[in-house]
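# A look at the structure
As a plain string of letters, each chain reads:
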Amino acid sequence: GSTLLAVPVAMEGDAGGWAATTTDAANVAPASTANSTAIEHNQLLLGEDWARSALGEHASIASFAAFSIALQTNGAPGDLVEGALNAALDEVRHAKTSFAIASRLVGRDIGPGPLPESQLSFSTDLTALGLAVAKEGCVDETLSALEAAAKVDMIGDMLIN
């Protein structure tokens, strides 16, 4: 069967934005056995999953950048702003790595499209800001790291071949 996946990614030569890709085990490179076709189909599905994760990492870059501005808006010390900017750079590395893995699994270049336009405003409610960052930067990032570790175990030799 076919799986239609609509995610905001840019395929090589695409202008970006929402792109729909069809993954169909029958359209994957010809396989000599049904088992290898199933393996290739599963590899495509894993690649799509990595692409979704990469998009989350990509969105986190903007989130940490916005947090940096919110810190500056509220007169935070420079070392806190620097820490937020360094966290954004970590997200750049995570996104690049995740997109590279996704690209390798699906057999073509996959990258982020543009983020939606935003109208950011920065609150002076430091408690709300702190809670939001703790949730996103600690809880969500920990869950993302655990999910990535599990995915790496699942893909095993696929990236080596």
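So, here's what we can say about the structure.

Our next topic: the overall build of the chain. Along the backbone of the chain there are three helices and three strands. Of the regular secondary structure in the chain, the N- to C-terminal order runs β-β-α-α-β-α. Of all 161 residues assigned to the chain, the portion counted as buried reaches 32%. Within the chain, contacts between residues separated by at least 24 positions form 66% of all contacts whose residues are at least 6 apart in sequence.

Below, the discussion takes up the environment of Glu141. Summarising the element assignment, Glu141 is placed in helix 3 (residues 126-155). Beyond its immediate sequence surroundings of up to four residues, Glu141 is in contact with Glu57, Ser60, Glu91, His94 and Glu136.

Before going further, it helps to spend a moment on the side chain of Glu57. As for its position among the elements, Glu57 is in helix 1 (residues 34-73). On the accessibility criterion, Glu57 (10% relative accessible area) is buried.

Looking now at the side chain of Ser60. Checked against the element boundaries, Ser60 lands in helix 1. Excluding its chain neighbours within four sequence positions, the residues that come into contact with Ser60 are Glu91 and Glu141.

Here we come to the nonpolar core. Where a protein is soluble and globular, its nonpolar side chains tend to be buried together. Trp50, Phe99, Ile101, Ala102, Leu105, Ile110 and Ile155 are the most contacted members of the largest nonpolar core, which totals 14 residues. Looking at this core, the elements that each hand over two or more residues are helix 1 and helix 2 (78-106). If sequence neighbours within four positions are ignored, Ile155 has contacts with Leu46, Trp50, Ile101 and Leu105. Counting residues in hydrophobic clusters, the runner-up holds nine residues, among them Ala70, Val81, Ala88 and Leu129.

For the rest of this paragraph, the subject is a nonpolar patch on the surface. The grouping of Val139, Leu143 and Leu146 at the surface amounts to a nonpolar patch, some 290 Å² of accessible area in total. Within the secondary structure layout, Val139 lies in helix 3. Val139 sits in the partly exposed class, given a relative accessible area of 46%.

Here the focus is helix 2. Here helix 2 is 29 residues long and its end C-alpha atoms lie 42 Å apart, about the 42 Å a rise of 1.5 Å per residue gives. Of the residues trailing helix 2, Gly107 is marked for its positive phi of about 80°.

Let's shift gears to the pattern of salt bridges. In total, this model carries two salt bridges according to the counting rule given. Across the salt bridge formed by Asp49 and Arg52, the nearest N and O atoms sit 3.5 Å from each other. Taken as a pair, Asp49 and Arg52 lie in helix 1 at a separation of three residues, close to a single helical turn. Classification of Asp49 by relative accessible area gives partly exposed; the value is 21%. With a relative accessible area of 38%, Arg52 lands in the partly exposed category. The partner of Arg93 in a salt bridge is Asp90, with the nearest N and O atoms 2.2 Å apart. Of this pair, Arg93 and Asp90 both sit in helix 2, three residues apart, roughly one helical turn. By relative accessible area, Asp90 is classed as partly exposed at 32%.

Rules behind the numbers
Residues numbered from 1 in each chain as written. Predicted model: local features only at pLDDT ≥ 70, side-chain atom pairs only at ≥ 80, totals over all residues. Heavy atoms only, no water. Helix = DSSP H or I, 4+ residues; strand = E, 2+ residues; numbered from the N terminus. Buried < 20%, exposed > 50% of the residue type's maximum accessible area, 1.4 Å probe, protein only. Contact = heavy atoms within 4.5 Å. Core = buried A, V, L, I, M, F, W, Y, C linked by side-chain atoms within 4.5 Å. Patch = residues over 30% accessible without salt bridge, like charges linked within 9 Å, V, L, I, M, F, W, Y side chains within 5 Å. Areas by Shrake-Rupley, 256 points an atom, 1.4 Å probe, with all protein chains shown as cover. Salt bridge = Lys/Arg side-chain N within 4 Å of Asp/Glu carboxyl O. Expected span 1.5 Å × (residues − 1).

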